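# Understanding the architecture of this molecule
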Amino acid sequence: MSHFSTLRTKITDAEILKASLRDLGISVKSEADVRGYNGQRVRSDIVAVLEGEYDLGWSRNSDGSFDLIADLWGVAKKHNQTELINSINQKYAVNKTLAEVKQRGLANANVKLVVQK
């Protein structure tokens with residue numbers, strides 16, 4: 001029986017996701033295996049290689065969004081999974097917003113992002 005969970009996300013840009021993970025100091029692999037319980041592995045498009053024996057992975061859906069795939073029980077052994085996933089989503093949102101601003105020709109504009117909890 002698989003220990004992997006699949007969670008729907010609003011993430012759509014692979015390059016911004018990879019950059020966001022790197023910004024957070026997380027090693028990134030493409031087209032790699034996500035490590036799970038007892039040596040189980042599942043292939044994902046993007047893998048965040050975490051400390052310990054478990055990883056986070058993202059696989060693209062037919063609509064262009066990504067699903068998060070992970071053995072959440074295993075990830076929680078070494079990480080606060082809620083804080084980790086929230087920090088990744090937050091960094092992605094900031095980087096995506098900044099990329100959109102630059103794409104629309106506002107590179108010289110002053111952008112102020114306010115993050116609320």
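So, here's what we can say about the structure. Just so you know, these numbers come straight off a predicted model, no measurement behind them.

### Focus: the packing of aromatic side chains
A complete count under the given rule lists one aromatic pair for this structure. Ring centres 5.9 Å apart and planes at 75° place the aromatic pair Y37 and W73 in the edge-to-face group. You can see Y37 sitting in the loop between β2 (27–35) and β3 (41–49) and its partner W73 sitting in helix α2 (residues 72–78), a full 36 residues away along the chain.

### Things to note about the nonpolar core
Among the nonpolar cores identified, the biggest contains 22 residues, and L17, L21, I46, L56, W58 and I88 are the most heavily contacted of them. Elements that contribute at least two residues to this core include exactly α1 (14–23), β3, β4 (55–60), β5 (66–70), α2 and α3 (81–103). Leaving out residues up to four positions away in the same chain, W58 has contacts with T9, I11, L17, L21, S44, D45, I46, A48, F66, D67, L68 and I88.

### A word on the sheet that holds β4
Strand order in this open sheet of five strands is β1-β5-β4-β3-β2, and the pairing throughout is antiparallel. Edge strands, defined here as strands with exactly one partner in the open sheet, are β1 (5–8) and β2. Strand-to-strand twist in this sheet, taken as the mean axis angle between neighbours without regard to direction, amounts to 40°. Where β4 and β5 come together, five bridges link them in antiparallel fashion. Following the sheet pairing, L56 is matched in β5 by A70. Most of the contacts of α1 go to β3, to which it runs at about 60°, and overall it touches β2, β3, β4 and β5.

### A word on the environment of S59
Note on placement: S59 falls in strand β4. Distance from S59 to R43, taken between C-alpha atoms, is 8.2 Å for residues 16 residues apart in sequence. Setting aside residues up to four positions removed in sequence, S59 forms contacts with R43, S44, D45, S65, F66, D67 and I69. A polar side-chain atom of S59 sits 3.4 Å from a polar atom in the side chain of S44.

### Details of the pairing of β4
Among the six residues of β4, five are classified as buried, and the element is accordingly described as predominantly covered. Bridge count for β3 against β4 is four bridges, and the pairing is antiparallel. Bridged to I46 within β4 is W58. What sits between β3 and β4 in their antiparallel hairpin is a turn of five residues, with G52 showing a positive phi close to 100°. Hairpin connection from β4 to β5: five residues lie between these consecutive antiparallel strands, with G64 at a positive phi of about 95°.

### Side note on unusual backbone geometry
Of note, the phi angle at E31 is positive, near 50°, even though the residue is not glycine. As for its placement among the helices and strands, E31 is situated in strand β2. Owing to a relative accessible area of 48%, E31 belongs among the partly exposed residues under this scheme. With phi around 55°, N38 is a residue other than glycine that occupies positive phi space. Residue placement: N38 occurs in the loop between β2 and β3.

Rules used throughout
- Residues numbered from 1 in each chain as written.
- Predicted model: local features only at pLDDT ≥ 70, side-chain atom pairs only at ≥ 80, totals over all residues.
- Heavy atoms only, no water.
- Phe/Tyr/Trp six-rings, centres within 6.5 Å; stacked < 30°, edge-to-face > 60°.
- Helix = DSSP H or I, 4+ residues; strand = E, 2+ residues; numbered from the N terminus.
- Core = buried A, V, L, I, M, F, W, Y, C linked by side-chain atoms within 4.5 Å.
- Buried < 20%, exposed > 50% of the residue type's maximum accessible area, 1.4 Å probe, protein only.
- Contact = heavy atoms within 4.5 Å.
- Pairing = 2+ DSSP bridges.
- Axes fitted to C-alpha atoms, helices over the stretch in contact; angles between N-to-C directions.
- Polar contact = N/O pair within 3.5 Å; in protein donor to acceptor, adjacent residues only side chain to side chain.

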